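Tertiary structure, described
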Amino acid sequence: MASRPERLLRGGDSPLSATFLELFFDLAFVLALSQLAAHLLHDLSLAGALNTAVLLTGVWWIWVTTTWFADWYDPESPAVRWLLVGAALGSLLAGVAIPQALDGRGLLFAGAYVSVHLARGVFTVLALRGHPRQSRALRILCWFSVSAVPWVAGGFLPEWRVPLWLLALAIDLTGPRLGWPTPLMGRTGPQELHLAGEHFAERYQQIMIIALGELVLVAGLSYAESDLALPQTAAFLLVFAIAVLIGLLYVTPAGQRLGPAIEHGDPSRLGVVTGYLHLVMIAGLVVTAVGAELSIAHPLRTGDTTGALVILSGPALFLIGRILFSAAIHRRLSWPRVAALFVLGGAAALVRLPLLAVSAVVTLVALVVVILDHAGIRSYRHRSGA
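Residues numbered from 1 in each chain as written. Predicted model: local features only at pLDDT ≥ 70, side-chain atom pairs only at ≥ 80, totals over all residues. Heavy atoms only, no water.

**Structural notes on the overall build of the protein**
A count of helical and extended segments in the protein gives 13 helices and zero strands. If you list the helices and strands of the protein from N to C, you get α-α-α-α-α-α-α-α-α-α-α-α-α. The buried share of the protein, taken over its 386 residues, is 54%. Taking the contacts inside the protein whose residues are at least 6 apart along the sequence as the reference set, 81% of them involve residues at least 24 apart. For the protein, the computed accessible surface area is about 16600 Å², with 70% contributed by carbon and sulfur atoms. (Helix = DSSP H or I, 4+ residues; strand = E, 2+ residues; numbered from the N terminus. Buried < 20%, exposed > 50% of the residue type's maximum accessible area, 1.4 Å probe, protein only. Contact = heavy atoms within 4.5 Å. Areas by Shrake-Rupley, 256 points an atom, 1.4 Å probe, with all protein chains shown as cover.)

As structure tokens, this is what we get:
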């Protein structure tokens with residue numbers, strides 16, 4: 001009979017598909033994305049973008065580490081289920097705090113973030129007593145205990161909040177890439193960082209669908225609040241088209257090869273780097289959602305330099321993440337996507353055009369990239385005889 005620690009760990013016969021509670025946990029991310037888009041829309045300055053990026057990274061790292069947790073431990077274990085419920089509650093509270101996280105609710109945001117990581121860490125360290133995997137859990141707990149100091153301090157010190165939280169995020173994001181090196185314990189070995197590729201790829205696809213869903217939801221709500229005139233209708237259709245095109249850009253081809261790449265690659269590199277790159281892509285979708293609201297609400301507005309730059313920069317940010325994602329999966333660049341980045345950069349000269357025209361340019365660029373991508377895939381399959 002397996003020991004108690006062994007029963008807690010994911011076994012070879014554990015289902016690789018996402019469980020109900022993992023999907024339930026994702027629902028908290030729906031609120032967070034909506035709040036983040038509203039937070040950025042309220043302040044479209046560089047400082048506002050930085051503040052939104054800090055909050056997005058914090059929420060995202062709750063999602064990433066919870067997904068690792070559900071990958072390493074048995075999702076059918078009652079204890080794991082309750083920890084997933086707790087992570088969902090913590091994520092929900094962090095989402096509630098986002099609109100005023102840099103004002104009066106900073107301690108709520110930091111407290112929710114720290115509580116999720118420390119509660120999970122303390123439980124796994126205690127539950128794995130006597131098991132070799134306890135050292136991994138202890139290293140992770142040590143790192144999150146260190147980062148908890150600037151997190152909580154930032155909650156109490158509004159004037160130092162952003163720099164303290166940036167320091168905390170630097171600690172949290174670099175820890176797994178370095179293997180959570182800890183005094184007297186060394187660092188976690190690659191075998192301890194192994195991830196089930198099929199499970200992880202599915203989870204990334206699910207969270208990308210949620211992020212795309214936020215974009216579609218913003219477009220629908222903005223269109224519903226308009227007078228449904230022709231310009232607003234055209235802007236809405238363009239946003240819907242860009243959502244579809246971004247989805248196609250994600251899933252082909254690297255998005256479909258993520259599972260085997262993680263399964264057979266170096267987990268300390270690919271398993272961690274893909275978390276960073278998905279953050280960039282999701283940030284692009286958040287910015288795209290803000291641009292969608294601006295273009296649908298004011299499609300014929302001219303001279304709105306900030307609005308035009310937001311509409312251009314959202315898909316550009318997604319493309320940056322997507323290009324690096326392909327490079328990480330099969331170590332090559334997609335030249336149509338690279339060229340599209342330069343085109344979008346050059347399109348910044350069109351910021352004096354109506355927002356509807358800027359949105360049309362973005363959609364056209366994305367459409368051309370999708371067409372070229374699929375043409376390249378068909379050509380490769382023809383040459384390989386697939």
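**Here's the deal with the side chain of Arg-161**
In this fold, Arg-161 is placed in helix α7 (residues 161-178). Comment: no salt bridge for buried Arg-161; closest opposite-charge side chain is Asp-103, at 6.2 Å. From its side chain, Arg-161 meets the backbone oxygen of Gly-154 in a polar contact 2.7 Å long. There is a polar contact of 2.8 Å between the side chain of Arg-161 and the backbone oxygen of Gly-155. Among all residues touching Arg-161, those that are not within four sequence positions of it are Ala-101, Leu-102, Asp-103, Gly-106, Gly-154, Gly-155 and Phe-156. (Lys, Arg positive; Asp, Glu negative; His and termini not counted. Salt bridge = Lys/Arg side-chain N within 4 Å of Asp/Glu carboxyl O. Polar contact = N/O pair within 3.5 Å; in protein donor to acceptor, adjacent residues only side chain to side chain.)

**Quick word on the packing of aromatic side chains**
When we look at a pair of aromatic rings, we describe it by the centre distance and by the angle of the planes. Scanning the entire structure with this criterion turns up 15 aromatic pairs. Both rings, one in Trp-60 and one in Trp-63, keep their centres 4.9 Å apart while their planes meet at 15°; by these two values the pair is stacked. Highlighted residues: Trp-60 and Trp-63, both in helix α3 (residues 46-72), separated by three residues, approximately one helical turn. Aromatic pair Trp-151 and Trp-165: ring centres 5.3 Å apart, planes at 45°, arrangement tilted. Of the two residues, Trp-151 sits in helix α6 (residues 134-156) while Trp-165 sits in helix α7, which places them 14 residues apart along the sequence. (Phe/Tyr/Trp six-rings, centres within 6.5 Å; stacked < 30°, edge-to-face > 60°.)

**Topic: the packing of α3 against helix α4 (residues 78-97)**
Between α3 and α4, the shortest axis-to-axis distance is 11 Å and the interhelical angle comes to 175°. Accordingly, the angle class assigned to the pair α3 and α4 is roughly antiparallel. When α3 is examined against α4, the residues Ile-62, Thr-66, Phe-69 and Ala-70 are found in contact with a partner set consisting of Val-80, Leu-83, Leu-84, Ala-87 and Ser-91. Here the residues of the contact of α3 with α4 are counted per class, giving seven nonpolar, two polar and no charged. (Axes fitted to C-alpha atoms, helices over the stretch in contact; angles between N-to-C directions. Parallel < 35°, antiparallel > 145°, perpendicular 65-115°, else oblique. Nonpolar A, V, L, I, M, F, W, Y, C, P; charged D, E, K, R; others polar.)

**Focus: a nonpolar patch on the surface**
A contiguous nonpolar surface patch, about 370 Å² in accessible area, is contributed by Leu-89, Leu-92, Leu-93, Val-96 and Leu-108. Of the residues forming the nonpolar patch, the biggest block, four residues, is contributed by α4. Relative to the helices and strands, Leu-108 is located in helix α5 (residues 106-127). Classification of Leu-108 as partly exposed rests on a relative accessible area of 33%. (Patch = residues over 30% accessible without salt bridge, like charges linked within 9 Å, V, L, I, M, F, W, Y side chains within 5 Å.)

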